[in-house]
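Descriptive structure summary
The lines below spell out each chain.
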Amino acid sequence: MDKNILATAAFLGMTGILLGAFGAHGLKKIVEPESVASFETGVRYQIYHALFLLFIGTTTLLNEAAKKQIFTLVITGVVLFSVSIYFLALKKYIPFEIKKIGIITPIGGLLLIGAWGMLFLNIIKQK
């Protein structure tokens, strides 16, 4: 499980850097400043959670079941939160009505909060 968590952390980190570069250099030329700011928020949270998964994958404070639960919450949360923000920032270039997916952004945020909550609960339960 740790190998999967660390590989996913590396992938999220790598794609976060790529998306951040796109946002800083390419996106500013094609969308409004508010959309760029939203896009950067998605990137920032993706990078935060890549680092979070690096910790989860290397810590000995958690058992495998807790790591798997946190991993699942983070992956689902990043997809719902960050990826939905990326699409919303690029909505004028997407050929279908994208505003409807905006409802999943806060759900993704709640899942990310849940992942941190799981870490907190698992740590305080230890003797």
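If you're wondering where the values come from, they're calculated on a predicted model, not measured in any experiment.

**Re the pattern of salt bridges**
One pass over the full model with this rule turns up 2 salt bridges. The partner of E32 in a salt bridge is K92, and the shortest N-O contact between them spans 3.5 Å. On the criterion of sequence distance, the pair formed by E32 in the loop between α1 (2–25) and α2 (33–58) and K92 in the loop between α3 (64–89) and α4 (104–125) is long-range, its members being 60 residues apart. Taking relative accessible area as the criterion, E32 reaches 36% and is therefore assigned partly exposed.

**As for the side chain of N122**
Mapped onto the elements of the fold, N122 is located in helix α4. For N122, a relative accessible area of 13% gives the class buried.

**Examining the packing of aromatic side chains**
On inspection of all chains with the given rule, the structure shows 5 aromatic pairs. Between F52 and W116, the aromatic rings sit 3.9 Å apart at their centres with planes inclined by 20 degrees, giving stacked as the arrangement. Placement of F52 in helix α2 and of W116 in helix α4 is noted, with a sequence separation of 64 residues between them. Taking the relative accessible area as the measure of exposure, F52 reaches 4% and is therefore buried. Since its relative accessible area comes to 43%, W116 is described here as partly exposed. Pairwise contacts between aromatic rings join F22, F39 and Y86 into one cluster.

**Side note on α1**
For α1, built from 24 residues, the straight-helix expectation of 34 Å at 1.5 Å per residue is met to within 8% by its first-to-last C-alpha distance of 34 Å. Listed in full, the buried residues belonging to α1 are I5, T8, A9, L12, G13, T15, G16 and G23.

**Regarding a nonpolar patch on the surface**
On the surface, a nonpolar cluster with roughly 540 Å² of combined accessible area is contributed by F55, L61, F120, L121, I123 and I124. Among the elements that make up the nonpolar patch, the one with the highest residue count is α4 (4 residues). Relative to the helices and strands, F120 is located in helix α4.

**Section: the nonpolar core**
The biggest cluster of nonpolar side chains holds 18 residues, and the ones touching the most others in it are F52, L53, I56, L62, I70, V74 and L119. Broken down by secondary-structure element, the contributors of at least two residues to this core are α1, α2, α3 and α4. Setting aside its immediate chain neighbours within four residues, I70 contacts F52, I56, L62, A115, M118 and L119. The next biggest cluster of nonpolar side chains, apart from the first, holds 10 residues, and it includes V36, V43, A89 and L90.

Conventions and cut-offs
- Residues numbered from 1 in each chain as written.
- Predicted model: local features only at pLDDT ≥ 70, side-chain atom pairs only at ≥ 80, totals over all residues.
- Heavy atoms only, no water.
- Salt bridge = Lys/Arg side-chain N within 4 Å of Asp/Glu carboxyl O.
- Helix = DSSP H or I, 4+ residues; strand = E, 2+ residues; numbered from the N terminus.
- Buried < 20%, exposed > 50% of the residue type's maximum accessible area, 1.4 Å probe, protein only.
- Phe/Tyr/Trp six-rings, centres within 6.5 Å; stacked < 30°, edge-to-face > 60°.
- Expected span 1.5 Å × (residues − 1).
- Patch = residues over 30% accessible without salt bridge, like charges linked within 9 Å, V, L, I, M, F, W, Y side chains within 5 Å.
- Areas by Shrake-Rupley, 256 points an atom, 1.4 Å probe, with all protein chains shown as cover.
- Core = buried A, V, L, I, M, F, W, Y, C linked by side-chain atoms within 4.5 Å.
- Contact = heavy atoms within 4.5 Å.

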